[in-house]
Amino acid sequence: MSKKQVVLVTGAGRGIGKAIVRALASPTRFVYIHYSTSADGASALAEELAREGKEARTVQADLSDPAAAKNMIAEIVDESGQLDILVNNAGLTRDQLTVRMTDEDYDAVIQVNQTAPFILMREAAKIMMRKRWGRIINISSVVGLKGNAGQINYAASKAAVIAMTKSLARELAGRSVTVNSVAPGFIETDMTAVLSEKVRTQYLDTIPMHRLGKPEDVAAIVDFLASEKANYITGQTISVDGGMNL
Ligand code: NAD
């Protein structure tokens, strides 16, 4: 490939997204680091990469707004003329037992975790199909595979991501565009830092490796799926969970 590959990672100012950016960034790629409300983490990451001679820039969008998601892809394609690797990483939780969950909390999670990835995949697919090469990698969750009490909204959205991955993989396979999911288990990030000690201990009991994962554990498989080494892998969901989904 003569030009640099263009990469977009959503929700990349911190946590797993940040680790994914670090893994994917290279002198042969230009990385868009997406953030929602706080630019600080994304800007610091772009500066860190610049010091290493890797090109990146930040891009803002509130992914609860479908128009903002669509516009973000248009902005990237206007600027760089292409989009080669899309990582749908942004996500949120609004946990509550089903009988107490509000319509608003249900919808908020579905919008960011399910509708936004759909829109970003649809817009990216148009570009990748023309180029006859592309990588779409969606961050799902072990919860999308197994369900979880108190997370009916989150589980539904993460299961939807897996179903969308399989559907789009079938549509794009003939164009050398692969679509895969990664299903992390319990990873040490801001998302899990809010859990009580009691809940953490309960989770540890469900992990055969009996320890939490690191963002870098997830980033490593994303890096592989984005590479030429993964040319013949599509429609798959790879668990990174210390054995939770055995
Ligand atoms: P995190 O909370 O640190 O990061 C989530 C990112 O999503 C943040 O950058 C945030 O800004 C972004 N985001 C949230 N709402 C947004 C919105 N409206 N618009 C745009 N961006 C928005 O959590 P994380 O653990 O790094 O999670 C990254 C992904 O991994 C998520 O999709 C999450 O569901 C998934 N995941 C995490 C774990 C875990 O244990 N941490 C396990 C399984 C799956």
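Further up the page is the structure itself.
Residues numbered from 1 in each chain as written. Predicted model: local features only at pLDDT ≥ 70, side-chain atom pairs only at ≥ 80, totals over all residues. Heavy atoms only, no water.

### A short note on the site of the ligand
Alright, step 1. Neighbouring residues of the ligand: 27 residues in total, closest R14, N89, Y154, I187 and T189.
Alright, step 2. Take G91: an N or O atom from its main chain is 3.1 Å from an oxygen atom of the ligand.
Alright, step 3. A distance of 2.9 Å is found between an oxygen atom of the ligand and a side-chain nitrogen or oxygen belonging to K158.
Alright, step 4. Calculation on the ligand without its partners gives an accessible area of 820 Å², and the protein chains cover 91% of this total.
Alright, step 5. Going through the elements one at a time, helix 1 (15-24), helix 6 (152-172) and helix 7 (190-193) are the ones with two or more residues in the shell around the ligand. (Near = heavy atom within 4 Å. Polar contact = N/O pair within 3.5 Å; in protein donor to acceptor, adjacent residues only side chain to side chain. Areas by Shrake-Rupley, 256 points an atom, 1.4 Å probe, with all protein chains shown as cover. Helix = DSSP H or I, 4+ residues; strand = E, 2+ residues; numbered from the N terminus.)

### Quick notes on the sheet that holds strand 2 (residues 29-35)
Alright, step 1. With respect to topology, 7 strands assemble into an open sheet ordered 3-2-1-4-5-6-7, the strand pairing being parallel. Here the strands that pair on one side only, and so sit at the sheet edges, are strand 3 (55-60) and strand 7 (237-240). In this sheet, adjacent strand axes meet at a mean angle of 20° when their direction is disregarded.
Alright, step 2. Packing against the sheet, helix 3 (residues 66-80) makes contact with strand 1 (5-9), strand 2 and strand 3, and its axis sits at approximately 160° to strand 1.
Alright, step 3. Packed onto the sheet, helix 9 (residues 215-226) meets strand 2, strand 4 (85-88), strand 5 (134-139), strand 6 (177-184) and strand 7 and runs at close to 155° relative to strand 5. (Pairing = 2+ DSSP bridges. Axes fitted to C-alpha atoms, helices over the stretch in contact; angles between N-to-C directions. Contact = heavy atoms within 4.5 Å.)

### Considering unusual backbone geometry
Alright, step 1. One non-glycine residue, R132, lies in the positive phi region at around 60°.
Alright, step 2. Mapping R132 onto the fold places it in the loop between helix 4 (103-131) and strand 5.
Alright, step 3. With relative accessibility at 49%, the residue R132 sits in the partly exposed group.
Alright, step 4. Unusually for a residue other than glycine, H210 sits at a positive phi of about 55°. (Buried < 20%, exposed > 50% of the residue type's maximum accessible area, 1.4 Å probe, protein only.)

### Remarks on the pairing of strand 2
Alright, step 1. Most of strand 2 is tucked away, with 7 of its 7 residues classed as buried.
Alright, step 2. Alternating residues of strand 2 divide into R29, V31, I33 and Y35 and F30, Y32 and H34, and every residue in both groups is buried.
Alright, step 3. Relative to strand 2, strand 1 runs parallel, the two being bridged by 5 bridges. Looking across to strand 2, one finds that V9 is bridged to I33.
Alright, step 4. Crossover connection from strand 1 via helix 1 to parallel strand 2: handedness right-handed.
Alright, step 5. Strand direction decides the pairing type here: strand 2 and strand 3, joined by 6 bridges, are parallel. By the bridge assignment, I33 is partnered in strand 3 with T58.
Alright, step 6. As for the winding sense of the linkage, the β-α-β connection from strand 2 through helix 2 (residues 39-51) to strand 3 is right-handed. (Right-handed = clockwise from strand over helix to strand, strands pointing away.)

### What about the environment of I20?
Alright, step 1. Within the secondary structure layout, I20 lies in helix 1.
Alright, step 2. Relative accessible area serves as the criterion here: at 0%, I20 is assigned to the buried category.
Alright, step 3. Through-space distance from the C-alpha of I20 to that of T37 is 19 Å; in sequence the pair is 17 residues apart.
Alright, step 4. Those residues in contact with I20 that lie beyond four places of it in its chain are V9, V87, N89, I139, A219 and V222.

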